[in-house]
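Residue-level structure breakdown
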There are 2 protein chains.
Amino acid sequence: MTTDGAPARGVRVVVYGVGAMGAIVTRLLVDRGADIVGAIGRSPEKVGRDLGEVAGLGRTLGVLVEADPRLVLSRGADIAVVCVGSYLDKMQSHFALCLEHGVNVVTIEEETVFPWTTAPDHAAALDELARANGVTLAASGAQDVFWLNHVTTLLGASHRVDRVAGRCVWNVDDYGPEVAGHLFVGQSGDAFAQHVASKGWPEFVARQTLEAMVASLGLTVKSIKSDVEPVLANSPVLCRSLGHEIQPGHLIGTIDWTEIATEEGPQFALEMKGCVYGEGDADCNHWQVCGEPDMELRNEGVSYRFTTCSTLVNRIPDVIRARPGLMSLDKLGPPGYKHGALRI
Amino acid sequence: MTTDGAPARGVRVVVYGVGAMGAIVTRLLVDRGADIVGAIGRSPEKVGRDLGEVAGLGRTLGVLVEADPRLVLSRGADIAVVCVGSYLDKMQSHFALCLEHGVNVVTIEEETVFPWTTAPDHAAALDELARANGVTLAASGAQDVFWLNHVTTLLGASHRVDRVAGRCVWNVDDYGPEVAGHLFVGQSGDAFAQHVASKGWPEFVARQTLEAMVASLGLTVKSIKSDVEPVLANSPVLCRSLGHEIQPGHLIGTIDWTEIATEEGPQFALEMKGCVYGEGDADCNHWQVCGEPDMELRNEGVSYRFTTCSTLVNRIPDVIRARPGLMSLDKLGPPGYKHGALRI
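Focus: the packing of helix H4 (residues 88-100) of chain B against helix H5 (residues 120-132) of chain B
Residues and elements named next belong to chain B. Two numbers describe how H4 lies on H5: the axes approach to 10 Å, and their chain directions differ by 10°. Taken together, H4 and H5 sit at an angle that is classed as roughly parallel. Across the interface between the two elements, Leu 88, Asp 89, Gln 92, Phe 95, Ala 96, Leu 99 and Glu 100 from H4 touch His 122, Leu 126, Leu 129 and Ala 130 from H5. The class makeup of the residues in the contact of H4 with H5 is 7 nonpolar, 2 polar and 2 charged.

Some thoughts on the sheet that holds strand S5 (residues 104-107) of chain A
All names here are of chain A. As summarised here, the arrangement of the 7 strands in space is S3-S2-S1-S4-S5-S6-S15, forming an open sheet in which the pairing is parallel. Each edge of the open sheet carries a strand with a single partner, namely strand S3 (65-66) and strand S15 (325-326). When S5 meets strand S6 (residues 136-139), the two strands line up parallel, connected through 3 bridges. Note that in S6 the partner of Thr 107 across the bridge is Ala 139. Packing of helix H1 (residues 20-31) onto the sheet brings it into contact with strand S1 (12-16), strand S2 (35-40) and strand S4 (79-82), and relative to S1 it is tilted by some 165°.

Topic: the relation of the copies chain B and chain A
Here chain B sits on chain A after a turn of 180° about the axis and a move of 0.0 Å along it, with an RMSD of 0.0 Å. A rotation of that kind, with that shift, is consistent with a two-fold axis. Taking the C-alpha atom as reference, chain B places Arg 298 of chain B closest to the rotation axis, 2.6 Å from it. Most of the interface of chain B is mirrored in chain A, where 100% of its interface residues are also at the interface.

Notes on the sheet that holds strand S6 (residues 136-139) of chain B
All names here are of chain B. Ordered in space as S3-S2-S1-S4-S5-S6-S15, the 7 strands form an open sheet in which the pairing is parallel. The sheet is open, and its two borders are formed by strand S3 (65-66) and strand S15 (325-326), each paired with just one other strand. Relative to the sheet, helix H1 (residues 20-31) contacts strand S1 (12-16), strand S2 (35-40) and strand S4 (79-82), its axis offset from that of S1 by approximately 165°.

Here we look at the domain arrangement of chain A
All names here are of chain A. Each assigned domain of chain A is listed with its residue range as follows: domain 1 (12-141 + 306-331) and domain 2 (143-302). For domain 1 versus domain 2, the distance between C-alpha centres works out to 24 Å. Every contact between the two is made by 20 residues of domain 1 and, on the other side, 21 residues of domain 2. Listing elements by their share of the side of domain 1 that touches domain 2, those giving two or more residues are H1 and helix H10 (304-321). Take the side of domain 1 that touches domain 2: its biggest share by element is 3 residues, from H10. In terms of residue class, the side of domain 1 that touches domain 2 is made up of 6 nonpolar, 10 polar and 4 charged.

Examining the pairing of S4 of chain B
Residues and elements named next belong to chain B. The alternating pattern of S4 places Ile 79 and Val 81 on one face and Ala 80 and Val 82 on the opposite face, and all of these are buried. Where S4 meets strand S5 (residues 104-107), 4 bridges bridge the pair, whose relative direction is parallel. Its bridge partner lying in S5, Val 81 is registered against Val 106. The handedness of the S4 to S5 crossover, carried by H4, is right-handed.

Considering the environment of Pro 115 of chain A
Structurally, Pro 115 of chain A is set in the loop between S5 and helix H5 (120-132). Separated by 97 residues in the primary sequence, Pro 115 of chain A and Val 18 of chain A have C-alpha atoms spaced 24 Å apart.

Let's talk about the interface of chain B and chain A
Between chain B and chain A, the contact holds 39 residues from the first and 39 residues from the second. Listing elements by their share of the side of chain B that touches chain A, those giving two or more residues are helix H6 (142-155), strand S14 (295-300) and helix H10 (304-314) of chain B. No other element matches the 8 residues that H6 of chain B contributes to the side of chain B that touches chain A. Along the lines of polarity and charge, the residues of the side of chain B that touches chain A split into 17 nonpolar, 17 polar and 5 charged.

Quick notes on the rules
- Residues numbered from 1 in each chain as written.
- Chains lettered and ligands numbered in written order.
- Predicted model: local features only at pLDDT ≥ 70, side-chain atom pairs only at ≥ 80, totals over all residues.
- Axes fitted to C-alpha atoms, helices over the stretch in contact; angles between N-to-C directions.
- Helix = DSSP H or I, 4+ residues; strand = E, 2+ residues; numbered from the N terminus.
- Parallel < 35°, antiparallel > 145°, perpendicular 65-115°, else oblique.
- Contact = placed C-beta atoms within 7 Å.
- Nonpolar A, V, L, I, M, F, W, Y, C, P; charged D, E, K, R; others polar.
- Pairing = 2+ DSSP bridges.
- Least-squares fit on C-alpha atoms with pLDDT ≥ 70 in both.
- Domains from an automatic or database assignment.
- Buried ≥ 20, exposed ≤ 12 C-beta atoms within 10 Å, placed from the backbone.
- Right-handed = clockwise from strand over helix to strand, strands pointing away.

Structure below.
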């Protein structure tokens, strides 16, 4: 039974975006007994085909990939799982469409983790739209567990926190050409430096995750410093998501780095190295807490690509049950495992 | 401001138990600006002395250690921090006294982590008493972070959990003679074996923590297996808390082991090795998750003695704000760091 006394039922989901991540999400949703009521794609090779085939499940699901989101959303759903792009500027129209149709949204789009300072206008508008339609917009992904709540839970054992510093490494090739493009993979070091010098560099998920951490601890941001540096190939590196070799001196990724000082004292830093992996590279998650006591947290087997999708799917009931509005990750409560079929 | 609109204020705390753990808690409470309104002890060497001296702070606090809990509790307090013993059978009268006086309780007593199956009568009676007096009884300590919520947060990234297995090592000498006595430290392997064969062995915190984990995941216990084996000294080992050397063939600790099978499938295991440390030994916390994906969690710098006290102190506002009753750890929400002075 649900809290309002109605019997629990399965979840009606729209898969919004059928790229590399949407394909994994589709398989997980099928495993978890979700009722996939629609799928939205844009690539001409995918539109019109069955979602099961597009997602590589080796069987059909009786759900066609459609190009018109309005048509799909107008048929109704509990939630849209949106795996399309990485910044609110691009994604806000997709989110708005879902919210206007009374459909909750959970997304891997990183800025929505904590969009209030980097995209305040979009955040305020989407928050208002979600409230007006009685639905919730929230982001999740590996950062929800590994870079935010896993760390804040550990801090529950801290008497005094002076500094919290994380270091994560992830494989650009795990996320498809969209993300490789964001990171200038394949471009020259000079082209990257000129781009950053002239146009700046959008702060990636490190900043949003740390801001969510500071907010969830009830602390106040005093200053934020972010920087980026290129990771250059030393020898030719095959980039699978772009389908070609990256030559020496060209980018195989970036190191995004953010540090936040708070009015109250504690400092927070996160260094995210995203690059095309060579032999022996593996995702890592390592945090150090300086204070009383000093503590360390280390995860192996992180598999950020997979856990971004599995965390997102576990969040579906939380997002549907959350109060209406844009819920940044500091407001969504702890992530948790939901065993078996998803029910709401 | 608090949720009811009243301005936040400091916390009025009674330190109930001034042994090894109570002394650390006292120092942390002073650091966090708590208003210590009373201290309860039983040892004739401590009663009548100032709490600051008894706790080794090197200064007085203007709070005398008193022997009569009724007298101290009748003066009123928000919460009693109870660090006296390890089983509800012994502790329930202490808890009942606090609750009857309308004083919330947070305790390091391990059974209260999840007492519903190992001490159901005490648990039901204390739950009723707490509700009747509008206050909350809850246990915390290192297990709250490291063996429960740190693990359940990680599971938020699991698509499918088959088995969760933890391995922890802690130093008996960190907890004073009370705990060393529980673990038969200094007694012979034969005496221990005869005791276990004739009287059984009370399940320690491993079982309660795993049961809280199963409950917090919404799963159903199918069966519980627990076992204990002695850790014997190979050479003479100095036990600081007992003040003498343990001879070879005698116990320096135990390995407590619990495994829970659930109706739904996932299995949970925890092995806790508590022993008197020799050179180079250190607290460890290591968890493995088998399923999709396989994951690992490893903490260094755990310092269970200290983090039992620091976690307990961080829980004070949570326990005061919780709904009345006995709140086992599955019901208390995630632990979290509270920066600076404790406020409610």
